[in-house]
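Structure assessment
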Protein chains: 4
Amino acid sequence: MNFSSDTAAPAHPSVLEAMGRANDGAEASYGADRITARLRARLAEVFETDDFDFWLTASGTASNALALSCFCPPTHSILCHHEAHIQMDERGAVEFFTGGGRLALLPGTGAKIDYDVFADYLGNVDPSFVHGTPPAVLSLTNLTECGMAYSPDEVARFARRAKGGKLAVHMDGARFANALVHTGASPAQMSWQAGVDVLTLGLTKTGAAGCEIILLFGAAKAKGGELRARAKRSGHMPPKMRFLAAQAEAMLEGGLWLTLAAHANAMAARLAGVFTGAGYELAWDVQGNEVFALLDPRAVQDLQEDNARFYADWPGGSSRFVCSWATTEAEIADLKDTLVRPPRI
Amino acid sequence: MNFSSDTAAPAHPSVLEAMGRANDGAEASYGADRITARLRARLAEVFETDDFDFWLTASGTASNALALSCFCPPTHSILCHHEAHIQMDERGAVEFFTGGGRLALLPGTGAKIDYDVFADYLGNVDPSFVHGTPPAVLSLTNLTECGMAYSPDEVARFARRAKGGKLAVHMDGARFANALVHTGASPAQMSWQAGVDVLTLGLTKTGAAGCEIILLFGAAKAKGGELRARAKRSGHMPPKMRFLAAQAEAMLEGGLWLTLAAHANAMAARLAGVFTGAGYELAWDVQGNEVFALLDPRAVQDLQEDNARFYADWPGGSSRFVCSWATTEAEIADLKDTLVRPPRI
Amino acid sequence: MNFSSDTAAPAHPSVLEAMGRANDGAEASYGADRITARLRARLAEVFETDDFDFWLTASGTASNALALSCFCPPTHSILCHHEAHIQMDERGAVEFFTGGGRLALLPGTGAKIDYDVFADYLGNVDPSFVHGTPPAVLSLTNLTECGMAYSPDEVARFARRAKGGKLAVHMDGARFANALVHTGASPAQMSWQAGVDVLTLGLTKTGAAGCEIILLFGAAKAKGGELRARAKRSGHMPPKMRFLAAQAEAMLEGGLWLTLAAHANAMAARLAGVFTGAGYELAWDVQGNEVFALLDPRAVQDLQEDNARFYADWPGGSSRFVCSWATTEAEIADLKDTLVRPPRI
Amino acid sequence: MNFSSDTAAPAHPSVLEAMGRANDGAEASYGADRITARLRARLAEVFETDDFDFWLTASGTASNALALSCFCPPTHSILCHHEAHIQMDERGAVEFFTGGGRLALLPGTGAKIDYDVFADYLGNVDPSFVHGTPPAVLSLTNLTECGMAYSPDEVARFARRAKGGKLAVHMDGARFANALVHTGASPAQMSWQAGVDVLTLGLTKTGAAGCEIILLFGAAKAKGGELRARAKRSGHMPPKMRFLAAQAEAMLEGGLWLTLAAHANAMAARLAGVFTGAGYELAWDVQGNEVFALLDPRAVQDLQEDNARFYADWPGGSSRFVCSWATTEAEIADLKDTLVRPPRI
């Protein structure tokens, strides 16, 4: 019963098999290999466009910070939700990679940025005020840190306003596949068609061993050279990149990433049902693979005593349970048994 | 016939097998897993000490820059050879990770720092001169960029002088195993016993898929917390770290890393014999897995036409050939055939 | 009628006279001059201690960022009020000087940090959580951005709690003299005796041409070398430093700085009386040289038409009026005339 | 007899008088004042163009680093002489302001870059080599650190080649006036007409209290906004900027800067004659206000005992003597007396 994080799950077997197949003879280093080349064609299919550039890393933190550093000069700021992963959980990576850029924090329910506050903020920016740190990028997280999904229409609304203020639009897609499954949107609809300039497409939480893709769409392609230079400079251009490319290829092959995300979402829905069936409320609507349940202390204790792993003290008072491609119905049944068992005396 | 780099080689099969075994069920993220814990014990054995801390990355550039950033404040400099990898091939990673520290370059034959120049440099440092950038670290590369090995005694001589000047001692050991095999030194003799404070132990070139270990010895352990914080901040704390730890474990198991390095060194010696046997001189004595041959243009052309991969225009006028764990006698025989074949007309 | 800022005022004549006297013959550069040496003795008197080190700059932004960069590693954060000058008006200087450190923002009335929120924040810091950016410094601004003063007791309460959490305590004293005058505290009481480790003592707003003093008290003296290195590196070690020292000396001579601040505070009190006498409310109690009046649009327009300079759109809806050493009773009388004049038709 | 540096000299009286005149009533802050506006017109005259932008600082280190940071991304490097002030004497300011950019050092006699080495270096740059740190800027120092002057033709030759390689051209003109006087070139000829994009025009060594001008010529004007943002962010936008502008205005008024530099150059020529007349050789031809004499130890000791101030251990074995606007014929006569006095017994 490990619901601590989708990063606690192993990789899907297909991923390791692909790495094994990639381990065949000599191969050019640093991304000049044949698998990386093949991956490009696959990404073009998946995103229904040739108008993109991309880079691979093994870390979501690195991907976010690299992506943002190409669009936010050190003298500017990045607008994001105050609970965004880049704010809460990346040890100031964005500040490091941007050379001292700043995150400017916005509120909103379910870790979704409140559109009106955002629009108001942009309306008050005075680019001639040299003492301030004007925004250069809007960063949306989809799924959000509360497991909520932005729809393509919502993203597009933000992106239009952002571009009116000359901001680039970044999406932190650590759980992008889960958001696609929930909304029914295609990768293209959720990214470049909605106005996203640069997407951090996470595959590690979805089922890879460690693989994230930074995608630059349309005019943002011009940042491809800078992205590679920054990747090299930050140690995110490992020599045997074939092993990253192989992971990405395996995940995209036959839509495996979406299949795995659909499973994780389904398990989360089932888990949510367990909680609500037992009379507990949820802090947030379940729109992906995360469940935030408002448990009582006894329930928390019972679960912990039965070795269920989850975050009991999530900010806001809920307990966080994350499902992954590897979550089984049996794990959920076990959790249910613990939850509904009569109190111990 | 791929002699372009030891990074072009695949991983040793044991490494991927170990990753497969590691892919078993849920596991704590970010280095709190059981394999990483087990690795610590193994490293203690290998380095004959418990007095160390360590961290894993997938990139040598990251490992060097992270290691150095814990010892060089932004206001200071790092002494290294002017051909060192950190100077030539890491896109300013050290400057980035240190927040604007500087590399101060020293000369020396075979990319080994000239001891007298080094001692003289230190002798001229005036720490009270606020306008300068005084050195805080000495970085030695072993093997050097010319494939030469420092002996433990040589390292110890540098380290003593460095410490007299309050410098920390870093070793870039991207090809550490090759240096051990050549010199016959033990890991302990070549590192902490010789005065090395922080070692970047590369395993990728030796045979891993992508795995480097930063080791902090003795008093340098105090930097362990900072190292983790900087690793997180730079995206070098991937969630599923078990896959890094599994690689390291496989490489160290039964001395595999040394066996593989011994093979690579032996192949290089054999390759050197092919060149000298054909009447070519070597730029540098072969002390590891790299051969720098002074070929004539015809020989270069012949080899290239027969699809031998190597760097024909290495700085200094030689051609660089690198052997790896995967280099075969057959490849060397093929190269020999091309080399001694009568000129084409 | 210029109430736009105390930085719009000229320098007090004594300051320029002192610069003129300093302009006499050759003098050692970079702070090794005789006037800087003399200043040290004067500061010891003013602060009633010899246990300090100091540096001079011509910019409050530089002084704050330099001071903070000696205490906040790039992996950490600085706690400050969300309206603090370092957050609102210094173009990310702190992020720049710290190498990507972060400001963590706290609420509170009148731009004074709410003690309970602060204590609660510290109570929730988990230093072992490598993903976060733990605080290393608390920065208090006195006067605050709303013109409010912390008393020595209040400062001491914050400092005690900060030190319990191993934070250094910084005070942004751009209007330190105004706070001293209002509270009746001595320089020592408001700084090191209350637990301040590093004080940015502003003299420019008080009456200098451009002169700020960074003071390191007690154990913080150990940062003196680093402070100088960072000052040099950031271009804040001008060769002819005698002109900075001369300004500081002139301001401290005979308590001129306090006399000038007392005048500015008195003018502000009188100005506040004008507003309240005319039936307007004040947004904040006047505790220094700033008045935040809640005017109606007609009053704002009338004043602007009469060429009164002030900030009409201060955040929160008030209009900000700043008095300086150069503000005259006549200016205030002029303003009063405009304000109480019957409406134009 | 103070020949230690032109920074040890006082400011010219006209400069302090101008500051006094500027100290008249309220004035807009941060460069929006009337004197700064007036200065722009004066600079247009002096440089015979309207096609420029500019900013003022009180520090040459700041001016160089700010100027360079607008043209060198953190992933790139700046070509300069290995004895350049930015390399030797600015505590890594360029690395700091660029966010970790690098200085790449070139040789050359008299601290003038060797053109052929430079051209060769550029010829070997491979912009597609992501592992290197390609140059983005060429920085020339005029006068050089050995007191030598580049002629406008020499500058133009460097600039043409630099631009062929897409490098921006920076001139560190800490002693620009001295170079103008020596070469007879006009400010325009030595800067934008020769291809200089950004000039750090030093006035402090020439006779100001502390005033340097960064000038952006032609297309480089596009960096004006970034320059201001970086100036603010680094604490180089002091509120009462009128005092910087007043200094610049006083120095340019009636060609005072050139008159003062001519005096300093003349004194240096006379001083050189003293040394050569006494049988000493000069390390470098005197082309400005600096004399590098190859003295014997006895002469050095005699001078020091007579309280002559100079650098006795200049790199390369010479003793450095710097003349300024304030150097008198009497000082030189005194030095001559000491130098030619019969040896003490």
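Attention here is on the structure that accompanies the text.

What counts and what doesn't
- Residues numbered from 1 in each chain as written.
- Chains lettered and ligands numbered in written order.
- Predicted model: local features only at pLDDT ≥ 70, side-chain atom pairs only at ≥ 80, totals over all residues.
- Heavy atoms only, no water.
- Contact = heavy atoms within 4.5 Å.
- Buried area = accessible area lost by both parts, 1.4 Å probe.
- Polar contact = N/O pair within 3.5 Å; in protein donor to acceptor, adjacent residues only side chain to side chain.
- Helix = DSSP H or I, 4+ residues; strand = E, 2+ residues; numbered from the N terminus.
- Nonpolar A, V, L, I, M, F, W, Y, C, P; charged D, E, K, R; others polar.
- Salt bridge = Lys/Arg side-chain N within 4 Å of Asp/Glu carboxyl O.
- Phe/Tyr/Trp six-rings, centres within 6.5 Å; stacked < 30°, edge-to-face > 60°.
- Lys NZ or Arg CZ within 6 Å of the ring centre and 35° of its normal.

On the chain B side, the residues contacting the 45 residues of chain A number 45 residues. Between chain A and chain B, roughly 3500 Å² of surface is buried when both sides are summed, and carbon and sulfur atoms account for 58% of that area. Counting the surface chain A buries against chain B, the share from its top three residues, A:Phe96, A:Arg233 and A:Lys240, is 22%. Linking chain A to chain B there are 31 residue pairs in polar contact (both at pLDDT 80 or more). Elements supplying a minimum of two residues to the side of chain A that touches chain B: α1 (13-22), α3 (60-69), α5 (93-97), α10 (224-233) and α11 (242-252) of chain A. The element best represented in the side of chain A that touches chain B is α1(A), accounting for four residues. Of the residues assigned to the side of chain A that touches chain B, the class counts are 20 nonpolar, 15 polar and ten charged.

With that settled, the discussion passes to the interface of chain A and chain C. With 20 residues of chain A at the contact, the number on the chain C side is 20 residues. Between chain A and chain C, a total of about 1500 Å² is buried, with carbon and sulfur atoms accounting for 37% of that surface. Broken down residue by residue, the surface that chain A buries against chain C is led by A:Arg91, A:Glu95 and A:Arg102, which jointly contribute 45%. Counting across the interface, chain A meets chain C through two salt bridges. A salt bridge links A:Arg102 to C:Glu95; the shortest N-O distance between them is 2.7 Å. In this structure, the connection of chain A to chain C is made through 14 residue pairs in polar contact (both at pLDDT 80 or more). Counting only elements with at least two residues in the side of chain A that touches chain C, the list comes to α4 (85-88) and β3 (102-106) of chain A. The dominant element in the side of chain A that touches chain C, judged by the number of residues it contributes, is α4(A), at three residues. Here the residues of the side of chain A that touches chain C sort into six nonpolar, nine polar and five charged.

What the rule picks out here adds up to 62 aromatic pairs over all chains. Within the aromatic cluster, the residues linked to one another by ring pairs are A:Phe3, A:Phe275, A:Phe310 and A:Phe321. Above the plane of the ring of C:Tyr115 lies C:Arg157, whose end atom (NZ or CZ) is 3.6 Å from the centre. Above the ring of D:Phe52, the side-chain terminus of D:Arg40 is found at 4.2 Å from the ring centroid.

The analysis is restricted to geometry; functional conclusions fall outside its scope.
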